[in-house]
Amino acid sequence: MKLVELMEKNDQKKIQLLYFLDQYPNQKVKNNVIQDKLQISYYLFKNLTKEVAEDIDAFQLSDFFNIEITETHTILYEHHNTNASVFLAHYLKRSYQVKILIAVMYEFKTFNLNDFAEAHYVSYAFMYKRFAMLRKTLTGWGIVLNKNAELTGDELAIRLLLSEIVIMTHLKESHFNENVRTAVDQLLNLPDTPEIILSMSQLIETKSYFLVSLLRFQQGYSIKTSQEIADLIRNIGQKTVGARINAVRVFETYFRDDEREINSECDYLVTFLAIMGIITAEDITFPEAIKCKGRAFTQGLEENFHLKLEESEKANIEYEVDKCFVDILTLPFRSQFFDEHIEVSFFFRTYPEFFEYCQKFVLHETTLKSDSNKAKFMFYHCLLTLAANVPLNKILAPIKVCVDFTLGKEYNKIIERDIKYFSTLNVEVTNTVLPETKLIITDLVNAYSECDISKVIWLSPPRPEDWENLIDELLDLRLEGAVQND
């Protein structure tokens, strides 16, 4: 995550260590492997792990985390309902670069670095060094922090960055002035979509973006884009006339009366709502130049896998692909700031065909290959769209599995039902071994010893590790079948 770049250098190393531990089985890693990964000496490693232990106490996280360092290994013990990402917010909150950004956001043209340093009980030289580091980092993101502590440059990037900081540091809505808060509440009630209940993540991201956007607009900043992008976002909101009229009234009531700039703001608010899924397909219009991308994706999908999609499946897939292109074009900082934090190995093992197809599509059917961040953003969203909308039984031959337990027919039915619950793979269950059978699941230790077929021997009832081993076996068989089909 790029926000890590705004942390103190030592905290950057600590979050890298925590994320590294989080990715390993049982969160246990050899000490020399950590040193190689972080490129630090043994002395720095000992200091780093000691400080992480101190941070756990300082952040009052001892009910959720503990870190142990033995002579050979480092082990992170964490409660089941959390992960190392919780440290990110804490490290960002104490970052002076982040504190400067938040202060600059509020103290419009009144921010004074010397006063800021005194308020935080540090020297001006110390704080100026952080200010200079922040300026350098922001320059790489298309944002200018000038000597007067004013944020200029790519206005969309500024708004998206500040809204991300609001989210990650849990900045309260009460920090914004009353006009901004009231206007945001009214704007969030504009979409006439009673059937859509916003998830907490949708609400937090949308409200944060609106709060920052309206504050920046109130301060006199406006979005400037190319005519091509301006035309694109104007087309998206063609069907939202009623909501748009009300949005204009909100801006005119609480902010300056500038018709051109208000229209531009409303275009982008509608586009953001569409990207977030709050305004749905029936309420927005994608121009033909965008819709042809989604059609190319589904057409290539059908040809590649020799399948015929249902019209509803095709419509859902095309809409999501189109929306992703709009996201990249109209809010480019979202994709530039994208970090592939999802566990890609799971999707690679479970959906290797979709994985390969999405890679080829992004490489050959788009112009994104020259921009790695945008290409990754497009790839992951296409992959998730296929995983969500195309059942694997449409492209895979079934994996024949024999389930045979000594507890009998009814118990076998329970296992069959739960296999379909635990796995999205195209599994067909029988209670006898057939020529096509690829796997036997049983509690009979020696009964199938002469069968040259993979076997999983379970206890009754199965333990969690039994299910884990089964899923691994099924994934191996699934990949084996994929290789043979190639």
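Residues numbered from 1 in each chain as written. Predicted model: local features only at pLDDT ≥ 70, side-chain atom pairs only at ≥ 80, totals over all residues. Heavy atoms only, no water.

A.B. asks: In this structure, what is going on with the overall build of the chain? I would like to understand it.
C.D. replies: The secondary structure content of the chain amounts to 21 helices and 9 strands. Dimensions along the principal axes, computed over C-alpha positions, put the chain at roughly 80 × 60 × 40 Å. Here the chain holds 486 residues, and the buried ones make up 48% of them. Taking all contacts inside the chain whose residues are at least 6 apart in sequence as the whole, residues at least 24 apart take part in 71%. Counting 52 positive and 71 negative side-chain charges, the chain places the averaged centre of each group 5 Å from the other. (Helix = DSSP H or I, 4+ residues; strand = E, 2+ residues; numbered from the N terminus. Buried < 20%, exposed > 50% of the residue type's maximum accessible area, 1.4 Å probe, protein only. Contact = heavy atoms within 4.5 Å. Lys, Arg positive; Asp, Glu negative; His and termini not counted. Charge placed at Lys NZ, Arg CZ, Asp CG, Glu CD.)

A.B. asks: Please clarify how the side chain of Thr385 should be interpreted in this entry.
C.D. replies: Along the chain, Thr385 turns up in helix 19 (residues 372–389). On the basis of relative accessibility, which here comes to 8%, the residue Thr385 falls in the buried class. Among residues more than four places away in sequence, those in contact with Thr385 are Ile317 and Glu320.

A.B. asks: What is the right way to read the packing of aromatic side chains from this model?
C.D. replies: The relation between two aromatic rings is expressed through the spacing of the ring centres and the mutual angle of the planes. For the structure shown, the criterion picks out 34 aromatic pairs. Seen from the ring of Tyr96, Lys99 lies directly overhead, with NZ or CZ sitting 5.1 Å from the centre. The ring of Tyr221 carries the charged tip of Arg216 above its face, separated from the ring centre by 3.7 Å. (Phe/Tyr/Trp six-rings, centres within 6.5 Å; stacked < 30°, edge-to-face > 60°. Lys NZ or Arg CZ within 6 Å of the ring centre and 35° of its normal.)

A.B. asks: Sorry if this is basic, but what is going on with the sheet that holds strand 3 (residues 73–78) here?
C.D. replies: Note: strands within a sheet are paired through backbone hydrogen bonds, in either parallel or antiparallel orientation. The 3 strands lie next to each other as 1-3-2, forming an open sheet whose pairing is antiparallel. Each edge of the sheet is formed by a strand with only one pairing partner; in this case those strands are strand 1 (28–30) and strand 2 (65–69). Averaged over all pairs of adjacent strands, the angle between their axes in this sheet comes to 15°, without regard to strand direction. The pairing of strand 1 with strand 3 spans 3 bridges and is antiparallel. What sits directly across from Val29, in strand 3, is Thr74. Most of the contacts of helix 1 (residues 9–22) go to strand 3, to which it runs at about 80°, and overall it touches strand 1, strand 2 and strand 3. (Pairing = 2+ DSSP bridges. Axes fitted to C-alpha atoms, helices over the stretch in contact; angles between N-to-C directions.)

A.B. asks: How should the pairing of strand 7 (residues 427–430) be read in this particular structure?
C.D. replies: Within a regular beta strand, the side chains point alternately toward one face of the sheet and then the other, so they alternate between its two faces. Relative to strand 7, strand 6 (residues 399–404) is paired through 4 bridges, and the arrangement is parallel. Opposite Val401, over in strand 7, you have Val429 as the bridge partner. Handedness of the crossover joining strand 6 and strand 7 through helix 20 (residues 409–422) is recorded here as right-handed. (Right-handed = clockwise from strand over helix to strand, strands pointing away.)

Read these as spatial facts, not as claims about activity.
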